Amino acid sequence: MLLVEAAEMTFEAGSSVMLLFHFWDVQGPAGMVLSVFMVLLLTVFYELLKVWRIWLGKRPSPFHSSDCRGSSTALASSLSESSLVPMEQTAPTRSPTNRWLLRGIQTALHILQVTLGYMLMLCVMSYNTWIFLGVILGSVLGYFIGFPLLGQI
């Protein structure tokens, strides 16, 4: 009969843990403090990435100009049928290259955010209490710093 030792799935508050890679093997309190600080910074960066992606999504759409919003009120208040002819857009639209560049940036940020999110999840799955608290505090700090910036945009 083959017996396989199962990994412990309860939180522990020790100072030795292996995070993500073999070279990130924490041994001792100083290494744990540094690792918790690194995980905290990665989590703050993750939250700021979310804010940056929201900010890029709120930017004016390259497909609509701001001058086209008033055209429906101009048509409704007009007495002449000749005003029903579509008006020319006077605002410059972004070139297709700029649109693809913006989409490429948004895609790259999404890939980075998803990858970082899974890495942080795996850090939490080390079941170390200090690493878990580092992720939680980093998320709180990142939200506290980043999301008020959205109100200013």
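Quantities reported herein were computed from a predicted structural model and do not represent experimental measurements. What you see as residue numbers is a count from 1 along each chain, following the sequence as written. Local features in this predicted model are restricted to residues whose pLDDT is 70 or higher, and side-chain atom pairs enter the listing and the counts only when it is 80 or higher, whereas totals over whole chains, interfaces and linings include all residues. In computing side-chain properties, one takes all heavy atoms of the structure into account and sets aside hydrogens as well as water.

1. Details of the packing of helix 1 (residues 29-58) against helix 4 (residues 129-152)
- To obtain each axis, a line is fitted to C-alpha atoms, and for helices this fit is confined to the stretch in contact; angles are then taken between N-to-C directions over 0 to 180 degrees. Secondary structure elements are defined from DSSP: runs of H or I of at least 4 residues count as helices, runs of E of at least 2 residues count as strands, and each element is numbered from the N terminus. Two numbers describe how helix 1 lies on helix 4: the axes approach to 7 Å, and their chain directions differ by 30 degrees. Relative to helix 4, the element helix 1 is oriented roughly parallel. As for the relative orientation of helix 1 and helix 4, their crossing is right-handed in sense.
- Classes in brief: Ala, Val, Leu, Ile, Met, Phe, Trp, Tyr, Cys and Pro nonpolar; Asp, Glu, Lys and Arg charged; the others, Gly included, polar. When grouped by side-chain class, the residues that make up the contact of helix 1 with helix 4 number 18 nonpolar, seven polar and two charged. The cut-offs work like this: below 35 degrees is roughly parallel, past 145 is roughly antiparallel, 65 to 115 is roughly perpendicular, and the gaps in between are oblique. Each crossing is labelled by how the near helix is turned from the far one, with a counterclockwise turn of less than a right angle marking it left-handed and a clockwise turn marking it right-handed.

2. What to know about helix 3 (residues 96-124)
- Multiplying 1.5 Å by the residue count of a helix minus one yields the expected span of that helix. With 29 residues, helix 3 extends 42 Å from end C-alpha to end C-alpha; this agrees with the ideal 42 Å at 1.5 Å per step.
- L102, L109, Q113, L116, L120 and C123 are the residues of helix 3 that are buried.
- What makes two residues a contact is simply this: any of their non-hydrogen atoms within 4.5 Å. Buried residues along helix 3 sit against helix 1 and helix 4. Exposure classes here rest on a 1.4 Å probe applied to the protein chains alone. A residue is buried below 20% of its type maximum, exposed above 50%, and partly exposed in between.

3. Some remarks on the UniProt feature "transmembrane region" (unreviewed entry) in the protein chain
- UniProt positions are given in the numbering used here, feature names are shortened, and annotations may be inferred rather than shown by experiment. Under the feature "transmembrane region" (unreviewed entry), the UniProt entry names residues 30-49 and 127-150.
- Counted over residues 30-49, helix gives 100% and strand 0%. Its end C-alpha atoms are 29 Å apart.
- Secondary structure across residues 127-150 divides into 92% helix and 0% strand, with the first and last C-alpha atoms of the span separated by 33 Å.

4. Describing the packing of aromatic side chains
- Classification of ring pairs uses Phe, Tyr and Trp, with its six-membered ring standing for Trp, and accepts pairs whose centres are within 6.5 Å; under 30 degrees between planes counts as stacked, over 60 as edge-to-face, and the remaining range as tilted. Throughout the structure, instances matching the rule amount to four aromatic pairs.
- Ring plane angle 70 degrees and centroid distance 5.5 Å describe the contact between F11 and Y127, whose orientation is recorded as edge-to-face. Of this pair, F11 sits in the segment before strand 1 (16-18) while Y127 sits in the loop between helix 3 and helix 4, and the two are 116 residues apart along the sequence.
- Look at F11 and you get partly exposed, because its relative accessible area is 43%.
- Linked through ring pairs, F11, Y127 and F132 together constitute an aromatic cluster.

5. Considering the pattern of salt bridges
- Within this document, salt bridges are pairs made up of a side-chain nitrogen of Lys or Arg and a carboxyl oxygen of Asp or Glu, the two lying within 4 Å of each other. Using the criterion set out here, one finds one salt bridge in the structure.
- The residue K50 makes a salt bridge to E47 at a minimum N-O spacing of 3.3 Å. Of this pair, K50 and E47 are both found in helix 1, three residues apart, which corresponds to roughly one turn of the helix.
- A relative accessible area of 5% means that E47 is categorised as buried.

6. Let's talk about helix 1
- Taking 1.5 Å per residue as the helical rise, helix 1 with its 30 residues ought to reach 44 Å, and the 44 Å between its terminal C-alpha atoms agrees with that figure.
- As for helix 1, its buried residues are in contact with strand 1, strand 2 (25-27), helix 3 and helix 4.

7. Examining the nonpolar core
- We call a set of buried residues a nonpolar core when its members are Ala, Val, Leu, Ile, Met, Phe, Trp, Tyr or Cys and they connect through side-chain atoms within 4.5 Å of each other. Counting 17 residues, the largest nonpolar core has L19, M32, V39, L120 and I131 as its most contacted members.
- Those elements that provide at least two residues to this core are helix 1, helix 3 and helix 4.
- Counting residues per element, this core draws most heavily on helix 1, which supplies six residues.
- Not counting residues within four places of it along the chain, the set of residues in contact with V39 comprises L19, W24, L120, C123, I131, G134 and V135.

8. Here's the deal with unusual backbone geometry
- Unlike most non-glycine residues, L20 shows phi in positive territory, near 65 degrees.
- The exposure class assigned to L20 is partly exposed, which follows from its relative accessible area of 30%.
- Within the chain, Y127 stands out as a residue other than glycine whose phi angle is a positive 60 degrees.

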